[in-house]
Amino acid sequence: MAESLGSLFDKLSILELKHWHSQDEVQLENISIQIRQIQNEINEYIGNAVQGLIPLEFIHQPSNKVYKKEGNAVPDIKGSIGEVVLQLAEVNCKLWHQQEKVYEFEKVEPDEKDGVIKQLAILNLERNKCIDEINLQFYKLLNNQKA
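Since this is a predicted model, take the numbers as computed values, not measurements.

K.L.:
Is there a simple way to think about the pattern of salt bridges in this case?
P.N.:
A side chain of one charge can pair with a side chain of the opposite charge when the charged atoms of the two come close. Counted according to the given criterion, the structure contains five salt bridges. Among the salt bridges present, the one from Glu29 reaches Arg36, with a minimum N-O distance of 3.8 Å. A residue is classified by how much of its surface remains accessible, and Glu29, at 42% relative accessible area, is partly exposed.

In structure tokens:
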């Protein structure tokens, strides 16, 4: 599947997290370049979509995650594109910090390990729901423009 607006916003928020957490000057410069590239891709994507160069059916293609819903409650994602982009950034921050625990998993208390893994799974599902919702909201916006 090609990039979507939601996946581009996802990449941008992750790059910003990397930029925030890095202290290496060369790495910071590389990340800054990647951030500018993704910003340009977002602008180009939106422009192409508004001009009709991206077919509407490609704007919103749900990830269709297949998982056991029972015991894996994921909050509903609602709001405008801007609100959902903020939710996506917050989820990616939570994911970042949860993933940090996995890098030193031997330091996680045995009775907390299952919770760490479960939280990673739930946050990843929430992240995908945010991406899908951004794409859906953008689809609706473009579809309403056509009408």
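K.L.:
Is there a simple way to think about the side chain of Asp10 in this case?
P.N.:
Tracing the sequence through the fold places Asp10 in helix α1 (residues 5–21). The residues touching Asp10, leaving out its near neighbours within four places in the chain, are Leu88, Asn92, Arg127 and Ile131.

K.L.:
How should I be thinking about the environment of Tyr45 in this particular structure?
P.N.:
In this structure, Tyr45 sits in helix α2 (residues 25–50). Along the backbone, Tyr45 and Leu5 are 40 residues apart, and their C-alpha atoms lie at a distance of 7.1 Å.

K.L.:
Got a minute to help me understand the packing of α2 against helix α5 (residues 110–146) in this structure?
P.N.:
For any two helices packed against each other, the geometry comes down to the angle between their axes and how far apart the axes lie. Axis separation between α2 and α5 bottoms out at 10 Å; the angle between their running directions is 35 degrees. Between α2 and α5, the contacting residues are Tyr45, Ile46, Ala49 and Val50 on the first element and Phe138, Leu142 and Gln145 on the second.

K.L.:
What should I look at first to understand the packing of aromatic side chains in this one?
P.N.:
Centre distance and the angle of the planes are the two values used to describe a pair of aromatic rings. Tallied over the full model, the rule gives one aromatic pair. Relative to Phe138, the ring of Tyr45 lies with its centre 6.2 Å away and its plane at 40 degrees, an arrangement referred to as tilted. With Tyr45 in helix α2 and Phe138 in helix α5, this residue pair connects regions lying 93 residues apart in the sequence. For the pair formed by Tyr45 and Phe138, the shared burial category is buried. Above the plane of the ring of Phe105 lies Lys113, whose end atom (NZ or CZ) is 4.3 Å from the centre.

K.L.:
Help me understand the packing of α1 against α2 in this model?
P.N.:
Between α1 and α2, the shortest axis-to-axis distance is 9 Å and the interhelical angle comes to 160 degrees. When the interaxial angle is binned, α1 and α2 end up roughly antiparallel. In the packing of α1 onto α2, the handedness of the crossing is left-handed. Along the contact surface, α1 presents Leu5, Leu8, Phe9, Lys11, Leu12, Leu15, Glu16, Lys18 and His19, while α2 presents Leu28, Ile31, Ser32, Gln34, Ile35, Ile38, Gln39, Glu41, Ile42, Tyr45 and Ile46. For the contact of α1 with α2, the per-class residue count stands at twelve nonpolar, four polar and four charged.

K.L.:
I keep staring at the nonpolar core and nothing clicks. Help me out?
P.N.:
Grouped together as the largest cluster of nonpolar side chains are 25 residues, with contacts concentrated most on Leu5, Tyr45, Ile59 and Phe138. Looking at this core, the elements that each hand over two or more residues are α1, α2, α3 (56–59), α4 (81–103) and α5. When residues of this core are assigned to their parent elements, the largest contribution, seven residues, is made by α5. Excluding anything up to four places from it in sequence, Phe138 contacts Leu5, Tyr45, Ile46, Ala49, Ile59 and Ile81.

K.L.:
Honestly, α4 in this entry has me stumped. Any pointers?
P.N.:
An α-helical turn contains 3.6 residues, so a residue and the one three or four places further along point in the same direction. The first and last C-alpha atoms of α4 sit 32 Å apart over 23 residues, in line with the 33 Å expected at 1.5 Å per residue. Among the residues of α4, Val84, Leu88, Val91, Asn92, Leu95 and Gln98 are the ones counted as buried. In this structure, the buried residues of α4 make contact with α1 and α5.

Definitions and cut-offs
- Residues numbered from 1 in each chain as written.
- Predicted model: local features only at pLDDT ≥ 70, side-chain atom pairs only at ≥ 80, totals over all residues.
- Heavy atoms only, no water.
- Salt bridge = Lys/Arg side-chain N within 4 Å of Asp/Glu carboxyl O.
- Buried < 20%, exposed > 50% of the residue type's maximum accessible area, 1.4 Å probe, protein only.
- Helix = DSSP H or I, 4+ residues; strand = E, 2+ residues; numbered from the N terminus.
- Contact = heavy atoms within 4.5 Å.
- Axes fitted to C-alpha atoms, helices over the stretch in contact; angles between N-to-C directions.
- Phe/Tyr/Trp six-rings, centres within 6.5 Å; stacked < 30°, edge-to-face > 60°.
- Lys NZ or Arg CZ within 6 Å of the ring centre and 35° of its normal.
- Parallel < 35°, antiparallel > 145°, perpendicular 65-115°, else oblique.
- Left-handed = near helix turned anticlockwise from the far one by under 90°.
- Nonpolar A, V, L, I, M, F, W, Y, C, P; charged D, E, K, R; others polar.
- Core = buried A, V, L, I, M, F, W, Y, C linked by side-chain atoms within 4.5 Å.
- Expected span 1.5 Å × (residues − 1).

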